[in-house]
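One letter stands for each residue in the lines below.
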Amino acid sequence: MKFRNIIWCLLAVLALASCKEEDDTVEEYANWQATNDSYFSSLVSETQQKITQGSTTWSLLPCYTLPDKGYTLGYSDYVVVEKLVQGSGTTSPLQTDSVKVHYSGHLLPSLSYPKGYPFDQSYPGTYDPETATPSKLAINGVVTGFGTALMRMHRGDRWRVYIPYQLAYGSSARSSIPAYSTLIFDLQLEDFWRKTLGDRE
């Protein structure tokens, strides 16, 4: 009788452990859409308050694809920017330009990633300006929110850029990025050029 009770207890523990492992997998991005909507709505509201109080470090950039007139902006129509370093450039790239950038991107914190899952970066390990080689990208080949930020940057600018999922991959998953993900980038614009002048190698 005692032995049978021990077996039942062991089976119950194993069942709970199995469920826990399944829960971890399923719950990594639990309520992910609601979490990202709530986060970004609050971020836009907080940024608006900072701007009203005179902050020049924070900005709200309307998505470049939106109409100029007759449209009321919602929170997900903005890219939020924290300006970390001001460069020396005076002009910004166009949507048809190519750029050289350093970047690292991560998601919002989740169960296994308290600092947010790091999904991509242009340099190995920690950023070192002496050794890092910038990536070459066409602005019209990146997600809308990323392009919106790039087209407001100057050479040498380093920004932290917050992109709502509506201006990123939306309701679709992309490689290691789950659907409905806010994308957060540490982004530095090194250089840009126009197609009419030819792409640099």
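Remember, it's a predicted structure, so these values are computed and weren't measured experimentally.

## With respect to the pattern of salt bridges
- Going through the model one piece at a time under the given rule, you end up with five salt bridges.
- Put simply, D97 and R194 hold a salt bridge, and the shortest N to O gap is 2.7 Å. Placement of D97 in the loop between β2 (78-85) and β3 (98-106) and of R194 in the segment after β7 (183-193) is noted, with a sequence separation of 97 residues between them.
- On the basis of relative accessible area, D97 is assigned to the buried category, the value being 0%.

## Topic: the packing of aromatic side chains
- Inspection of the entire model under this criterion finds nine aromatic pairs.
- Centroid distance Y113 to Y117: 4.9 Å. Interplanar angle 75°. Geometry classified as edge-to-face.
- Ring geometry for Y123 versus Y127: centroids 5.2 Å apart, planes at 50°, classification tilted.
- These aromatic residues form a ring-pair network of at least three members: Y103, F119, F146 and F185.
- A cation over a ring is seen here: K50 above W58, with NZ or CZ 4.0 Å from the ring centre.
- Across the ring face of F192, the terminal group of R155 is positioned such that the distance to the ring centre comes to 4.0 Å.

## Concerning the nonpolar core
- One finds L150, V161, I163, F185 and L187 to be the most contacted residues of the largest nonpolar core, which totals 39 residues.
- In terms of residue count, β7 provides more of this core than any other element does, six residues in total.
- Contacts of L187, omitting those with residues within four sequence positions, involve V101, H102, Y103, F146, A149, L150, M153, D157, R158, W159 and V161.

Parameters and conventions
- Residues numbered from 1 in each chain as written.
- Predicted model: local features only at pLDDT ≥ 70, side-chain atom pairs only at ≥ 80, totals over all residues.
- Heavy atoms only, no water.
- Salt bridge = Lys/Arg side-chain N within 4 Å of Asp/Glu carboxyl O.
- Helix = DSSP H or I, 4+ residues; strand = E, 2+ residues; numbered from the N terminus.
- Buried < 20%, exposed > 50% of the residue type's maximum accessible area, 1.4 Å probe, protein only.
- Phe/Tyr/Trp six-rings, centres within 6.5 Å; stacked < 30°, edge-to-face > 60°.
- Lys NZ or Arg CZ within 6 Å of the ring centre and 35° of its normal.
- Core = buried A, V, L, I, M, F, W, Y, C linked by side-chain atoms within 4.5 Å.
- Contact = heavy atoms within 4.5 Å.

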